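What follows is the residue order along each chain.
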Amino acid sequence: MSEKLLVPDIGEFEKVEVIELLVKVGDKINLNDAVVTIESDKSSVEIPSTISGTIDSVNVKVGDKVSKGDLLLNISSSKKVSTEKIIPKDTENIIKEAEIILKNKKKIIQQKPVKKEQQIIVNENDIDPLETQDWIESLSVVLEKDGNQRAHFLIKELINKAYKEGANIPYTQNTPYINTIPPEAETKSTGDQNIERRIRSLIRWNAAAMVVRANKKFPELGGHIGTFASAATLYDVGMNHFWRAKNNKFGGDLVYFQGHSAPGIYARAFLEGRLNEKQLDSFRQEVKPGGLSSYPHPWLMPKFWQFPTVSMGLGPMLAIYQARYMKYLINRGLIKDEGRKVWAFLGDGEMDEPESLGAIGLAAREKLDNLIFVVNCNLQRLDGPVRGNGKIIQELEGSFRGAGWNVIKVIWGSYWDSLIANDKTGLLVKVMNETVDGEYQAMKARNGLYVRENFFGKYPETKELVSSLSDKDIWRLNRGGHDPHKVYAAYDKASKNQGSPTVILAKTIKGYGMGKTGESVNTTHQTKKLDVEDLLYYRDRFDVPLTDEQVKNIQYFKPEDNSSEIKYIKERRINLGGFIPERTTYSKPIKVPPKNIFDFMKKSTGDKQMSTTMALVRMLTNLLRDKNVAPKLVPIIPDEARTFGMEGFFQKIGIYAHEGQKYEPEDSKQLSSYREDKKGQVLEEGINEAGAMSSWIAAATSYTNHDIEMIPIYIFYSMFGFQRTGDLAWAAGDSQARGFLIGATAGRTTLAGEGLQHQDGHSHLIASTIPNCVSYDPTFHYELAVIFREGLRRMHEKNENIFYYITTMNENYVHPAIPKDKNCEEGILKGMYKIKEFNKFKKIKIQLLGSGTILREMLAGAEILQNEYQIDSEIWSVTSFNELRKDGMEAERYNLLNQDKKQKVSYVEQCLGKTEGPIMAASDYMRMNSDQIRPFINKSFYSLGTDGYGRSDTRKNLRNFFEVDKEHIVAYGLSVLAKEQLIATKYMKQAIKKYNIDINKPMPTKL
Ligand SMILES: Cc1ncc(C[n+]2csc(CCOP(=O)(O)OP(=O)(O)O)c2C)c(N)n1
Ligand SMILES: [Mg+2]
């Protein structure tokens, strides 16, 4: 039976051009196979077949204009599937998931209720304590009889009822200032606590010694002792019991270490035998090979560090998106689900960075139960307390609980357990709740007596609680983050949590053990020197087996290889699969598609106008047909797919959504319907450039963190790229990211109407600050094709640790065929090639260098110069001033250092050295962009550019304003030639008059 395949609903578009036929008569096709590509003035999209069968006739040809309902093909079908039916329905999955959740819920309900002794909380605001007690008793009965879930349900119902009755009192997100896990519910560590303590003490010592030794030698080196001193237990418990390394059987947990705790991580690696004393002694001396970097920097220690974290706030953000990306890879079937975790260690001060909390909602929404944050709440940042007048742990608890995280507070150590159990009046918890962080910090800078008087002394009942304890005992009352039992229990619970991310808020002491000069004092953060007295105290505090003499010499301590400590530490890591951190790569390179895949971009577009953004989307659509590349592409878009004409991707490869699509989209009948899918390929990040960039980094480093090479392509408004998320771009370079950043709608005058905040005239300059970023500003579709293919080859086939920044534009124009010159492709990649020459008059010549859309103004200006002023010219398309500069710098440096040898000729010089006439360059970027190559050529060189704030107007008016339109190019060209005494000044004056150029207009930078 023959069926008709018609043009489906293509939204608002009509009479859209057929640009490709993907099938012919006689072909057998399957449901959803693409048959035809159509293209509007904004985007191209493939039409999939809704019928499987054999093609009887093709009823359209390339160039035809089609609208909804037009006949495309006749197909002899075996079966027809209506468009209704292909709307993705994940109902079954949803039911399955719901069943799993229900099962889990049941499991939770079946948990044994924890018995607890009842407490009477004294509250001065309580107008009827007896009634209060009645309610509390009822709750205790429910807890005992029916468990936590039931109690929680009842409380929720009470709140709902009160809310309905108008009692709109804000519900607090906080729990009392005590540990989330009660002692009786703690999972006990199986480790040998004595050995672990000894190991931890040695790590503490060696970490501090490393910093102190470095600063004794070179006081300028700096370093930190206090951060790791507060976090040692948090790391040790993870290292000994939880973090599984990558090996040939397992993908490995991913740990983001707090930047300033690096010395502790090196100190452990020293005991593990991974680093030697010489290396420890080269802490912060990285210029000679083998030095240890100040903070986690994969660029400088590519076999050790995995994640750069020291720019505060980036770690939390990157970790969240790393965990999300891990789920993405699992859901797309690209890696196995092995229960791997992402752990991120963060400072409590660091949590003030907007980036730290900015993505926690996403983590909860995406149910990232593979993510664990550990916030080291030492209550201090650099200058002083994080929240002197408040409580950072409570504040963070509120934020994270509100966002839907599983919050585990680890506030008090085991020595407090009996005190809290004996707190029958509830007054101890009340004091804990009332004491602000400033006081908590001050107490740890003082002594036991001070704590007795100022903390326990607040109420007679609490004072009585500690009456049998000596001041020393009180001083020993430890904080949760320093208690390996409490930390173990928290990690265990976090690791088993399902359905939400977990944050552990661990209370610690900054500079723990550092004594009077460094413990809990406001200057702890910057303490990098310890005097002999402090060192002796530190040794005694942690029982480090060093003599006084050895302490004075600040010697490292490493037990013999066959000592119980070294055996233990190694055995623990062997059990957990290897060392952490370790950066390795076992991914396979991606074979780049055949050269001809982009051949269609080397032909002229004829009369057809298109933007380079459209050309890019066409190119990506083609790439999605290459079986090696297609599954590896990760298109990332922050809510701008329609702006860039990429909505065709929604149907074709789907938008990643871990829950599939639970609703029928409003536009479900349309070809480019908003299709969310658990296996979706597009990461649609919403209005969130920092998140999109974090996703891009996760995908761009997938080759090392997941051993699978991926090709992330993040497309954004170029203005909201480097300028907005520059620090992440820098971290990407450090991380050795490989992938494409596409600055779309680029150029100060090309993105016409949008105005000052949108018009980018400098992103290439910011890109040039990142050493391993390769950037291009192409004008024509063949340039884009050559650049992109080379990017694929260099990064994903040859595995160079570089990333590409390419700007594309939204201005539609005709694209010519690639010039015949055999060196053209090489020139495109090196940064410039001659695109055209006007050579009719052979008298006066000028060299014109143009970039991006301004190249077209150059070409037009050159034509006027030829036709109206008899001036010849050579026009060069500069695809990358940045690449030209890099080459020029290298040549210049070589030549200066090797004056006796054959001198190198920079590529700029090779192109322009023997040409005639002065040089004038222009781009849609600041003059500084083209000025970058000025030093590499011994000729008169002038730049035009778009310095100054952008503003909304037409392209024509904007180019006139910034003086980069063809008229200004002619006038400035004539002026340059006059200045070089090649023509009379009158021509320049004529042109200025003719084009109404106001010579008194101030520089656009002042307007
Ligand atoms: C973006 C950024 N701003 C400032 C700094 C400088 N800085 C380094 S550590 C630090 C204080 C860190 O305090 P916290 O996060 O509480 O960590 P702690 O050392 O107390 O564990 C500051 C301000 C930085 N590294 N990154
Ligand atoms: Mg802190």
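Conventions used here
Numbering of residues starts from 1 in each chain and follows the order in which that chain's sequence is written. Chains carry letters and ligands carry numbers; both start at the beginning, A for chains and 1 for ligands, and go up in the order they are written. Predicted model: local features are reported for residues with pLDDT of at least 70 only, side-chain atom pairs are reported and counted for 80 or more only, and whole-chain, interface and lining totals are derived from all residues. Where side-chain values are given, they derive from all heavy atoms of the structure, hydrogens and water being excluded. Patch membership requires over 30% relative accessible area and the absence of a salt bridge. Like charges are linked within 9 Å, and nonpolar side chains (Val, Leu, Ile, Met, Phe, Trp, Tyr) within 5 Å. All accessibility values rest on the Shrake-Rupley procedure with a 1.4 Å probe; residue burial counts only the protein chains present in the view. A pair is scored as a salt bridge if a Lys or Arg side-chain nitrogen falls within 4 Å of a carboxyl oxygen belonging to Asp or Glu. Only four residue types enter the charge count, namely Lys and Arg as positive and Asp and Glu as negative; His and the chain termini do not. By convention, the point assigned to a charge is CZ for Arg, NZ for Lys, CD for Glu and CG for Asp. For helices the rule is a DSSP run of H or I covering at least 4 residues; for strands it is a run of E covering at least 2, with both sets numbered from the N terminus onward. Burial classes: relative accessible area under 20% of the type maximum marks a residue as buried, over 50% as exposed, and values in between as partly exposed (1.4 Å probe, protein chains only). We define proximity as follows: a residue is near a molecule or strand when any one of its heavy atoms falls within 4 Å of that partner. Here a polar contact is taken to be a pair of N or O atoms separated by no more than 3.5 Å, where protein atoms must pair a possible hydrogen donor with a possible acceptor and residues adjacent in sequence count only if both atoms sit in side chains. Three residue categories are used. Nonpolar comprises Ala, Val, Leu, Ile, Met, Phe, Trp, Tyr, Cys and Pro, charged comprises Asp, Glu, Lys and Arg, and polar comprises the others, including Gly. Any N, O or S atom lying within 2.8 Å of the metal counts as a donor, with the limit raised to 3.2 Å for Na, K and Ca; because water is left out of the atom set, some sites can appear incomplete. Two aromatic rings, drawn from Phe, Tyr or Trp (for Trp, its six-membered ring), form a pair once their centres lie within 6.5 Å of each other, and the interplanar angle then sorts them: stacked below 30 degrees, edge-to-face above 60, tilted otherwise. Over a ring means this: the NZ of a Lys or the CZ of an Arg is within 6 Å of the ring centre and within 35 degrees of the ring normal. For two strands to pair, DSSP has to find at least two bridges joining them. Fitted lines through C-alpha atoms give the axes, limited to the stretch in contact for helices. The angle between two N-to-C directions lies from 0 to 180 degrees. Throughout, a contact is declared for two residues whenever any of their heavy atoms are within 4.5 Å. With respect to orientation, any angle under 35 degrees is reported as roughly parallel, any angle over 145 as roughly antiparallel, any angle of 65 to 115 as roughly perpendicular, and every other angle as oblique. In this scheme the crossing of two helices becomes right-handed for a clockwise turn of the near helix relative to the far one and left-handed for an anticlockwise turn of less than a right angle.

Enquirer: What should I look at first to understand a negative patch on the surface in this one?
Expert: Together, Asp 128, Glu 131, Asp 134 and Glu 137 line one region of the surface with negative charge. Mapped onto the elements, Asp 134 comes out in helix H3 (residues 129-164).

Enquirer: Looking at this structure, I do not really get the environment of Asn 823. What am I missing?
Expert: Tracing the sequence through the fold places Asn 823 in the loop between strand E23 (813-814) and helix H29 (824-830). By relative accessible area, Asn 823 is classed as partly exposed at 39%. Spatially, the C-alpha atom of Asn 823 lies 34 Å from that of Ile 636, the residues being 187 residues apart in sequence.

Enquirer: I tried to follow the site of ligand 1 on my own but got confused; where do I start?
Expert: Taken together, 18 residues are adjacent to ligand 1, and Thr 227, Gln 258, Asp 348, Gly 349 and Lys 510 come closest. Here a nitrogen atom of ligand 1 and a backbone polar atom of Met 312 are 3.1 Å apart. Note that an oxygen atom of ligand 1 is positioned 3.4 Å from one of the side-chain N or O atoms of His 525. Here ligand 1, which alone exposes 600 Å², has 75% of that area covered by the protein. Within the shell around ligand 1, the residues separate by chemical class into three nonpolar, ten polar and five charged.

Enquirer: Mind showing me how you'd approach the coordination of the magnesium ion (ligand 2) here?
Expert: In a perfect tetrahedron of four donors around a metal, the angles come out at 109.5 degrees. In a perfect octahedron of six, they are 90 or 180 degrees. Asp 348 (OD), Asn 378 (OD1) and Gln 380 (O) make up the full set of protein donors to the magnesium ion (ligand 2), lying at 2.0 to 2.1 Å. Positions of the donor residues of the magnesium ion (ligand 2), expressed as sequence spacing, correspond to D-x29-N-x1-Q. On the accessibility criterion, Asn 378 (4% relative accessible area) is buried.

Enquirer: It is not clear to me how the pattern of salt bridges should be interpreted in this structure. Could you clarify?
Expert: In a structure, side chains of opposite charge can pair up when their charged atoms sit close to one another. Scanning the entire structure with this criterion turns up 58 salt bridges. Put simply, Glu 434 and Lys 430 hold a salt bridge, and the shortest N to O gap is 2.6 Å. Of this pair, Glu 434 and Lys 430 both sit in helix H13 (residues 427-434), four residues apart, which is roughly one turn of that helix. Lys 834 serves as the salt-bridge partner of Glu 837, at 3.0 Å between the closest nitrogen and oxygen. Residue Lys 834 is classed as partly exposed on the basis of its relative accessible area of 32%.

Enquirer: I'm lost on the packing of aromatic side chains in this one. Help?
Expert: Two aromatic rings, taken as a pair, are described by how far apart their centres are and by the angle between their planes. As enumerated under the stated definition, the model contains 48 aromatic pairs in all. With 6.1 Å between their ring centres and 80° between their planes, Trp 243 and Phe 257 make a pair best called edge-to-face. Here Trp 243, found in the loop between helix H5 (226-242) and strand E9 (254-256), pairs with Phe 257, found in the loop between E9 and helix H6 (262-271); they are 14 residues apart in sequence, far enough to count as distant. Take Trp 243: its relative accessible area is 0%, and that puts it in the buried class. Take Phe 257: its relative accessible area is 2%, and that puts it in the buried class. Lying over the aromatic face of Phe 270, Lys 558 brings its terminal NZ or CZ to 5.7 Å of the ring centre. For the cation-ring pair, Arg 738 lies above Tyr 703, with the distance from its terminal atom to the ring centre recorded as 3.5 Å.

Enquirer: Looking at this model, I keep getting lost on the sheet that holds strand E26 (residues 871-878). Mind explaining?
Expert: To summarise the sheet geometry, strands pair through backbone hydrogen bonds and adopt either a parallel or an antiparallel arrangement. Within the open sheet, the five strands sit side by side as E24-E26-E25-E27-E28. Their pairing is mixed. Of all the strands in the sheet, just strand E24 (832-838) and strand E28 (941-944) have a single pairing partner and so form its edges. Going across the sheet, the axis of each strand differs from the next one's by a mean of 20°, ignoring polarity. Here strand E27 (residues 919-922) runs beside E28; their pairing, made up of four bridges, is parallel. Bridge pairing in E28 links Ala 921 to Ser 943. Helix H30 (residues 854-869) rests against E24, strand E25 (844-850), E26 and E27 of the sheet, and its axis sits at about 170° to E26.

Enquirer: Any chance you could explain the sheet that holds strand E4 (residues 34-39) here in plain terms?
Expert: Reading across the sheet, the four strands line up as E5-E4-E2-E7 and stay open at both edges, with antiparallel pairing between neighbours. Unpaired on one side and paired on the other, strand E5 (44-48) and strand E7 (65-66) mark the two borders of the sheet. Here helix H22 (residues 612-623) sits on the sheet and contacts strand E2 (16-21), E4 and E5; the angle it forms with E5, its principal contact strand, is near 30°.

Enquirer: Is there a simple way to explain the pairing of strand E13 (residues 502-507) in this structure?
Expert: Sheet faces and side chains relate simply in a regular strand, where the side chains alternate between the two faces. Burial within E13 is extensive, with six of its six residues counted as buried. On E13, burial covers both faces: Thr 502, Ile 504 and Ala 506 on one face and Val 503, Leu 505 and Lys 507 on the other are all buried. Pairing of strand E11 (residues 371-377) with E13, which is carried by six bridges, proceeds in the parallel orientation. Of the residues in E13, the one forming a bridge with Phe 373 is Val 503. Note: strand E12 (residues 406-410) against E13, five bridges, orientation parallel. Paired with Val 407 across the two strands is Val 503, which belongs to E13.

Enquirer: What is the right way to read the packing of helix H4 (residues 193-217) against helix H19 (residues 532-541) from this model?
Expert: Between two packed helices, what matters for the description is the angle formed by their axes and the separation of those axes. Viewed as axis vectors pointing N to C, H4 and H19 meet at an angle of 165°, and their least axial separation amounts to 10 Å. Considered as vectors, H4 and H19 are oriented roughly antiparallel to each other. For the pair H4 and H19, the crossing hand works out as right-handed. Contacts between H4 and H19 involve Arg 197, Arg 204, Trp 205 and Ala 208 from the former and Leu 535, Tyr 538, Arg 539 and Arg 541 from the latter.

Enquirer: Would you mind going over the environment of Tyr 488 with me for this structure?
Expert: With respect to the helices and strands, Tyr 488 occurs in helix H18 (residues 484-496). Of the residues examined, Tyr 488 reaches a relative accessible area of 10% and is grouped as buried. The sequence separation of Tyr 488 and Lys 1001 amounts to 513 residues, and the corresponding C-alpha distance is 70 Å. Contacts of Tyr 488, omitting those with residues within four sequence positions, involve Thr 187, Lys 188, Ser 189, Thr 190, Val 237, His 241 and Phe 242.

Treat this as a map of the structure, not an account of what it does.
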